[in-house]
Amino acid sequence: MSSKPNKKLTKQEEILLQDFSRNVSTKSSALFYGNAFIVSGIPIWLFWRIHQMDLYQSIIFFVVMTLVSTYLVAMAYKNVKFVLKHKIAIKRGDAVSKEVMKKVADDKKMSKQEKEERILWKKNEVADYEATTFSIFYNNAIFLMLVILASVYILKSLSPAINYSLSMGVASGLLALFSTSSK
Amino acid sequence: MKLIGAFLALCVYLASGENCQAPQVTSQVYTTSEVHVSTETVVIITFSVQCKNGIKDLNLYAEFDGRNLPASQVIDSDQYQVSFSIDHKKLPAGQYQIRFFDEDLFANLRKAQRSGEDTASIQGLFTIGFSHQGASHGPWIQTEHVAVLSSVLLSYFAYSTRNQLQS
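Residues numbered from 1 in each chain as written. Chains lettered and ligands numbered in written order. Predicted model: local features only at pLDDT ≥ 70, side-chain atom pairs only at ≥ 80, totals over all residues. Heavy atoms only, no water.

A. Local environment of the packing of aromatic side chains. A complete count under the given rule lists 15 aromatic pairs over all chains for this structure. A ring pair is formed by F137 of chain A and F157 of chain B, whose centres lie 6.1 Å apart and whose planes are at 65 degrees; its orientation type is edge-to-face. Of this pair, F137 of chain A sits in helix 4 (residues 112-154) while F157 of chain B sits in helix 3 (residues 143-166), each in a different chain. Look at F157 of chain B and you get partly exposed, because its relative accessible area is 47%. Ring-pair connections join several aromatic residues into one group, and the members of that group are F134, F137 and Y138 of chain A together with F157 of chain B. Note that R49 of chain A overlies the ring of W48 of chain A, its terminal NZ or CZ placed 5.4 Å from the centroid. (Phe/Tyr/Trp six-rings, centres within 6.5 Å; stacked < 30°, edge-to-face > 60°. Helix = DSSP H or I, 4+ residues; strand = E, 2+ residues; numbered from the N terminus. Buried < 20%, exposed > 50% of the residue type's maximum accessible area, 1.4 Å probe, protein only. Lys NZ or Arg CZ within 6 Å of the ring centre and 35° of its normal.)

B. Just the pairing of strand 4 (residues 67-70) of chain B, in detail. Residue and element names in this part refer to chain B. By the bridge criterion, 4 bridges tie strand 3 (residues 61-64) to strand 4 in an arrangement that is antiparallel. Bridge assignment links E63 to a residue of strand 4, and that residue is N68. Joining the antiparallel neighbours strand 3 and strand 4 is a turn of 2 residues, in which D65 adopts a positive phi near 55 degrees. (Pairing = 2+ DSSP bridges.)

C. Fine view of the interface of chain B and chain A. Contacts between the two partners involve 17 residues from chain B, matched on the other side by 19 residues from chain A. In terms of surface lost to chain A, no three residues of chain B exceed R162, L165 and Q166 of chain B, which account for 42% of the buried area on that side. Summed over the shared surface of chain B and chain A, the number is 0 salt bridges. Counting every contact that joins chain B to chain A gives 5 residue pairs in polar contact (both at pLDDT 80 or more). A class-by-class count of the residues in the side of chain B that touches chain A yields 8 nonpolar, 7 polar and 2 charged. (Contact = heavy atoms within 4.5 Å. Buried area = accessible area lost by both parts, 1.4 Å probe. Salt bridge = Lys/Arg side-chain N within 4 Å of Asp/Glu carboxyl O. Polar contact = N/O pair within 3.5 Å; in protein donor to acceptor, adjacent residues only side chain to side chain. Nonpolar A, V, L, I, M, F, W, Y, C, P; charged D, E, K, R; others polar.)

D. How the structure looks around the nonpolar core. Core analysis: the largest hydrophobic core is formed by 35 residues, its most contacted members being V73, Y77, L84, F143 and Y164 of chain A. Of all the secondary-structure elements, those providing two or more residues to this core are helix 2 (26-50), helix 3 (59-104), helix 4 and helix 5 (160-179) of chain A together with helix 3 of chain B. Tallying contributions element by element places helix 4 of chain A first for this core, with 11 residues. Apart from residues no more than four positions distant in its own chain, Y77 of chain A is found in contact with F32, N35, A36, V39, S135, I136, N139 and N140 of chain A. Of all hydrophobic cores here, the second largest spans 30 residues; its members include L58, A62, A71 and L105 of chain B. (Core = buried A, V, L, I, M, F, W, Y, C linked by side-chain atoms within 4.5 Å.)

Here it is as structure tokens:
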């Protein structure tokens, strides 16, 4: 099995990568939900200190919208990661192959197939890591921008509680919606 | 004659006793610091006066920038307060003096004002100086605009990087 010179993955490599990415590890899931929870909690500070919402009186709003937003943002993380992983694997493939081959070139005990499997595994690991981190960065930036835009400009005239609920709902909803795009 | 002399001396004594002699003044001054919370600059001067001759319950008047203001006294104390508001632009940052008059001196001031004379030469009972730091208009760009701009720029960067990855 060898890669075609035009950098496209072979069918077998494609399938292997898809197999890997279907197994969303517990660690990955925990990372996504943890990050989503933190970023969903950030607007609480904005509304508490800037929009003067009372923390204890509005606790129900904060809890409900944070949980809803956590779920939607985590969904967006997963979707964007899945889409990007393939592209990153293709982009980084050559560089990863070179690096792995450099390390295992002198290893006589390893068969060619083993070497290629190791390359594939490394490609998957690199693509997984980069797609995960970039997905988190990308979605956080878009989410916070949407929350700030909605709360400062669009929903400014509403009461703080409604402003908070709608801006969180709209931001996380739009984020989840955009993430379902296959591009 | 002796009786008349004694009577006149008594009158002089009583007359001099009505005015505050060598007043000792302690004061606190508040001035508006932000334009956004007030339509005008407010100046509040709280002060206490101790007269050497023990006179209390004075009727005091303040004069500032041609305006005459009565000073209110806190009941059963030697504390007084004077407050006024003025347009922000008419009170820029700087050092200011406000003159205080008792009844007699205030009458002199009013007389001079009515006749159009220069009131700067009218002697006051005491003067309180205060420093006004100026009413701030806040930052040139409001912080929410800075936050929006930063988040939009960051999102644009993230979006263009994603496009590069997907190209």
